[in-house]
Every structure is written in C-alpha cells, then in structure tokens.
Amino acid sequence: MATTSCDVAIVGAGLGGCFLALLLARRGRRVVVIEQGPAIPAAGADFLKPPGLRVLARHGLASLVERHGLKRDLIRYYHDGDPIQDCRFPGGYVIRPYRDLVETIYARCAMEGARFWFDAEIDTIEMDGGHVEELTLRDGRRLRPAVVVGADGVKSAVRRALGIGQLSIPYERLMMRVATVPLSASVAQLNRLYFSSEGRLAYFYPIDRERARVFVGLPPEEDKEVFQDGVPRLLDTLKEFVTDSSDSFNDLLPATWIPIKVSSLRVAAYHQDNAALLGSAAFACHPMTGMGMSYTLRDAEILADVVCAADGDHALLDHLLHARYEPRGLAHRELIDYGDALVAGFRDRDAYLRAFREDLHVFGEAEHVRQPELQLT
Ligand SMILES: Cc1cc2nc3c(=O)[nH]c(=O)nc-3n(C[C@H](O)[C@H](O)[C@H](O)COP(=O)(O)OP(=O)(O)OC[C@H]3O[C@@H](n4cnc5c(N)ncnc54)[C@H](O)[C@@H]3O)c2cc1C
C-alpha cells in the first residue's frame with residue numbers, strides 16, 4: 001500500500017486534535033488526523049469557560065459554537081443543603097455536549113482541507129532515535145509526517161512510543177456517575193452543585209432546552225450500596241443534601257447511570273524531537289475545574305504557531321517546542337493542583353471555600369504563566 005506524506009500527523013480527533021488540525025490547515029499545512037473510532041468521540045465535557053471562548057473568538061469560531069449552545073453566567077454551590085456561594089462568570093460560559101462542540105470544529109476542518117482517517121488503528125510507530133519516522137496502520141496504510149502530535153487521550157500511544165514517563169493518579173475517594181434526564185424547572189433556572197459533609201456530590205445542569213445532565217459522586221462503599229440496591233436508595237441519599245433540585249428526583253428513577261473513571265495525569269515532557277503531546281495526552285485535571293478544554297484550546301493555538309514558525313526546520317522546531325510549548329506545564333500543574341485541592345475540600349465547607357480560586361475557576365491561568373504571543377515571520 002502507498003505511503004502518504006504530510007506536514008503534520010495528528011493522532012486523535014478530540015477537541016485538541018480537531019482544533020489543531022483546523023489552525024494548521026488554515027495556514028496551508030497538509031494535515032492528516034488519525035482517529036481510532038468511527039467518528040468524533042463523545043466524552044463527558046459539557047462546559048466551555050471564558051478562556052476557551054476567547055481562544056475560539058480569536059479564530060472566528062466563538063459565535064458558531066455559542067449559536068447552538070446554552071449561555072449561562074452563574075453556578076450556585078451548596079454544602080449540606082445550604083447555599084454557600086454563587087460563582088459568576090462575566091461574559092458567561094457555554095454549555096454544549098462535547099461531541100456537538102468538536103463536530104462544529106471538525107466540519108470547519110473538512111472545509112479547510114484537513115484529512116481525517118477514521119477507524120484507523122495504529123499498528124506501529126517507527127522511530128529513528130527520538131524521531132518519529134512513520135506510522136503504520138493495521139490496514140497497511142503508511143503515513144510519513146514531518147511532525148507528529150499525540151492528541152490521543154490519557155492512554156496516548158504516541159506518548160508510549162516516545163517513552164515519555166507519566167504519573168496518573170485516580171480520584172478514588174469519589175465514585176462518579178452521570179445520567180441524562182429530562183429538564184426540570186429548577187435545572188432550567190440555575191446550575192446547582194451540592195456537596196455534603198459525608199463526602200457526596202451532586203451536580204444538576206441543562207445540556208439543551210429539553211435535557212439535563214446529573215453527576216452524582218459518592219464515597220466508593222456508598223456507591224456500591226446505592227447502585228446495587230437500585231435507584232430508590234439513591235433518592236434517599238440525595239434527599240439528605242440536595243435541597244433545591246427535588247423536581248428532578250422522579251426522573252432519576254428510570255435514568256441510566258454511567259460510571260466515570262477520573263484521574264489526574266502529569267507527564268515528564270510535552271515534546272521530543274519532531275513529536276508533541278496535546279490535550280489529555282499531556283495533562284488531565286479533575287473535571288470540577290471545568291477548564292480542561294479551555295487549556296487544550298490554548299495549547300493547540302501555541303502548538304500551531306510553533307509548527308508554522310518552524311516551517312519544516314527540525315532544529316528550530318525542537319527549539320521552539322522547548323521554549324514555547326514545554327512551559328505550558330506550569331499552567332497545567334497549577335490547574336491539576338487546584339483540582340486536587342477542590343476535591344480534598346468536598347467534605348468541609350470552609351476548606352472548600354478556602355481552596356476555591358475564582359481567578360482560576362472563571363478566568364483560567366494567571367497572567368504570570370501565560371505565554372507571550374509568538375511573532376510569526
Ligand atoms: C468526566 C469529565 C468531564 C469533563 N468536563 C469538562 C468540562 O465541563 N469542561 C472542560 O473544559 N473540560 C472538561 N473535561 C476535560 C476535557 O474532556 C478534556 O480536556 C478534553 O476532552 C481534551 O481533549 P483531547 O482532544 O485531548 O482528548 P479526547 O477527547 O480524549 O480525544 C482523544 C481522541 O484520541 C483517540 N485515540 C486514542 N488513542 C488513539 C490511537 N491509538 N489512535 C487513534 N486515535 C486514538 C480517541 O478515540 C479520542 O477520539 C472533562 C473530563 C472528564 C473526564
């Protein structure tokens with residue numbers, strides 16, 4: 001089978017892979033995205049916060065994304081049934097199910113000429129020292145790229161091939177489950193996030209004009225009991241700390257509760273020679289920060305600038321990745337630590353409020369770790 005050459009091979013068609021493909025294709029780079037699944041993935045993320053919206057706005061995509069999403073500007077937090085704080089988002093955040101969001105960007109990619117290979121399983125990643133030479137798929141297709149980006153999620157095959165070390169720590173104190181239910185009046189009115197002294201969590205928010213998402217987090221022993229005994233037990237548990245969302249309770253009975261495994265991920269490096277890691281292949285934080293997508297969009301923006309500025313010069317690419325992309329680790333580590341601090345404070349009202357950082361929660365990374373814009377020649 002013939003070998004395809006391209007400027008950039010991106011492994012993974014999630015938000016990071018699709019957005020990077022769009023930015024590179026717009027600047028005339030020949031891009032091939034390799035996705036193991038049959039379509040754009042459906043992950044658990046629903047919230048795009050102000051920093052991510054700002055990135056999209058810089059590329060003319062914010063209104064396209066907002067048009068079909070719900071715009072909100074407030075989350076109300078409760079502890080043991082009492083409201084403890086309102087978090088406001090000036091300019092608002094967008095709620096849009098992950099696959100819808102990524103498909104919007106994917107549709108633009110196709111218009112700009114990026115190629116997508118779906119159902120494309122990687123067989124081997126051929127290396128020459130630290131340099132990625134060629135990717136071979138199980139169906140025999142071969143891809144020879146100048147640059148490779150692993151945007152292939154937490155279990156990244158690209159990261160493994162590069163031999164980059166990682167530390168993944170599961171959040172084991174809270175078993176998370178999610179269900180999609182009909183929208184009730186209270187959920188239509190406000191996003192409400194409940195914690196309790198027993199270490200429980202429940203989050204109610206709309207995903208469109210008819211449906212709501214409910215996240216429930218319980219200590220592992222309680223999760224086992226509640227979901228083994230059936231949903232009526234779940235309602236008894238929720239009634240103890242969920243006060244202003246009880247009009248959703250009847251819809252929780254017939255709902256399907258999908259367990260979600262959540263871990264943090266830290267990696268030893270973000271690039272090696274002609275390859276780089278993006279999105280969940282590079283970092284993962286607790287979803288309660290609601291910032292993973294925003295940081296990934298910013299990372300893709302920097303990566304696109306670096307790849308275009310290097311313009312095929314391998315030494316310059318390595319230098320720019322080191323100087324401009326590796327420092328993203330500072331912002332990622334700050335976010336991961338923040339997520340850890342939030343989770344550690346779930347049981348204790350005061351500890352949670354102390355851990356809560358409005359600057360990170362609403363606006364994202366602080367000015368001192370923000371990257372200067374890269375001047376393109
Ligand atoms: C439960 C949960 C809720 C979240 N909620 C939010 C939120 O509300 N807001 C927010 O900003 N962030 C949230 N996040 C984080 C957000 O989901 C990530 O930051 C974002 O999805 C990262 O995008 P990605 O492109 O790196 O990864 P992914 O979406 O994971 O995409 C990786 C892609 O790579 C593909 N792939 C994997 N291996 C291979 C292979 N070997 N070959 C080819 N393809 C491969 C996969 O099939 C997948 O399509 C949440 C995360 C979780 C777990």
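Residues numbered from 1 in each chain as written. Predicted model: local features only at pLDDT ≥ 70, side-chain atom pairs only at ≥ 80, totals over all residues. Heavy atoms only, no water.

Points about empty space enclosed by the protein
No. 1: The tally for this structure, following the rule as stated, stands at two cavities of 30 Å³ or more.
No. 2: Here the largest cavity is characterised by a volume of approximately 80 Å³.
No. 3: In terms of lining residues, the largest cavity is bounded by Arg 173, Leu 174, Gly 199, Val 343, Phe 346 and Arg 347. (1 Å grid on protein atoms, 1.4 Å probe; cavity = no way out; pocket = protein on both sides within 12 Å on 5 of 7 lines; lining within 4 Å. Points joined across faces, edges and corners; volume = space filled by probe spheres on them.)

A look at the domain arrangement of the chain
No. 1: Taken domain by domain, the chain consists of domain 1 (3–51 + 64–69 + 95–170 + 262–347 + 357–369) and domain 2 (175–260).
No. 2: The straight-line distance from the C-alpha centre of domain 1 to that of domain 2 is 31 Å.
No. 3: Listed as interface residues are nine residues of domain 1 and, on the opposing side, 17 residues of domain 2.
No. 4: Roughly 1200 Å² is buried in total at the junction of domain 1 and domain 2, and carbon and sulfur atoms are behind 64% of that figure.
No. 5: Interface area lost by domain 1 to domain 2 is led by Met 288, Phe 346 and Arg 347, which between them contribute 44%.
No. 6: Linking domain 1 with domain 2 are one salt bridge, by the criterion used here.
No. 7: Inspection of the region where domain 1 meets domain 2 yields three residue pairs in polar contact (both at pLDDT 80 or more).
No. 8: Taken together, the residues of the side of domain 1 that touches domain 2 break down into six nonpolar, one polar and two charged. (Domains from an automatic or database assignment. Contact = heavy atoms within 4.5 Å. Buried area = accessible area lost by both parts, 1.4 Å probe. Salt bridge = Lys/Arg side-chain N within 4 Å of Asp/Glu carboxyl O. Polar contact = N/O pair within 3.5 Å; in protein donor to acceptor, adjacent residues only side chain to side chain. Nonpolar A, V, L, I, M, F, W, Y, C, P; charged D, E, K, R; others polar.)

Overview of the nonpolar core
No. 1: In this structure, Ile 10, Phe 19, Leu 20, Leu 24, Ile 34, Leu 56 and Tyr 77 are the most contacted members of the largest nonpolar core, which totals 114 residues.
No. 2: For this core, the leading source of residues is helix α10 (residues 292–310), giving twelve residues.
No. 3: When residues no more than four places from it in sequence are discounted, the contact partners of Leu 56 are Phe 19, Leu 48, Leu 61, Ala 62, Val 65, Ile 105 and Leu 297. (Core = buried A, V, L, I, M, F, W, Y, C linked by side-chain atoms within 4.5 Å. Buried < 20%, exposed > 50% of the residue type's maximum accessible area, 1.4 Å probe, protein only. Helix = DSSP H or I, 4+ residues; strand = E, 2+ residues; numbered from the N terminus.)

Observations regarding the pattern of salt bridges
No. 1: Within this structure, the stated rule accounts for 28 salt bridges.
No. 2: For the salt bridge of Arg 27 with Asp 305, the shortest nitrogen-to-oxygen distance reads 2.7 Å. Of this pair, Arg 27 sits in the loop between α1 (15–26) and β2 (31–34) while Asp 305 sits in helix α10; the two residues are 278 residues apart in sequence, bridging distant segments of the chain.
No. 3: Arg 27 sits in the partly exposed class, given a relative accessible area of 29%.
No. 4: For Asp 305, a relative accessible area of 11% corresponds to the buried category.
No. 5: One salt bridge connects Arg 177 with Asp 223, and the closest N-O pair in it is separated by 2.7 Å. Remark: Asp 223 occurs in helix α7 (residues 220–229) and Arg 177 occurs in strand β11 (residues 175–182); sequence separation between them is 46 residues. Comparing Arg 177 with Asp 223 shows no difference in burial state: the two are buried.

Re the packing of α1 against helix α4 (residues 98–112)
Any two packed helices are characterised by the angle at which their axes cross and by the distance between the axes.
No. 1: For the pair α1 and α4, interaxial distance at closest approach is 9 Å and the crossing angle is 25 degrees. Between α1 and α4, the angle is such that the two are roughly parallel. Where α1 crosses over α4, the two elements pack in a sense that is left-handed. Two secondary-structure elements touch here, α1 through Leu 15, Cys 18, Phe 19, Ala 21, Leu 22, Ala 25 and Arg 26 and α4 through Tyr 98, Leu 101, Val 102, Ile 105, Tyr 106, Arg 108, Cys 109 and Glu 112. (Axes fitted to C-alpha atoms, helices over the stretch in contact; angles between N-to-C directions. Parallel < 35°, antiparallel > 145°, perpendicular 65-115°, else oblique. Left-handed = near helix turned anticlockwise from the far one by under 90°.)

Observations regarding the packing of α7 against helix α8 (residues 231–239)
No. 1: α8 packs onto α7 with a crossing angle of 130 degrees between their chain directions and a minimal axis gap of 5 Å. By the angle between their axes, α7 is oblique relative to α8. Listed contacts from α8 to Glu 222, Glu 225, Val 226, Phe 227 and Asp 229 of α7 are Arg 233, Leu 234 and Thr 237.
No. 2: In the contact of α7 with α8, the residues fall into three nonpolar, one polar and four charged.

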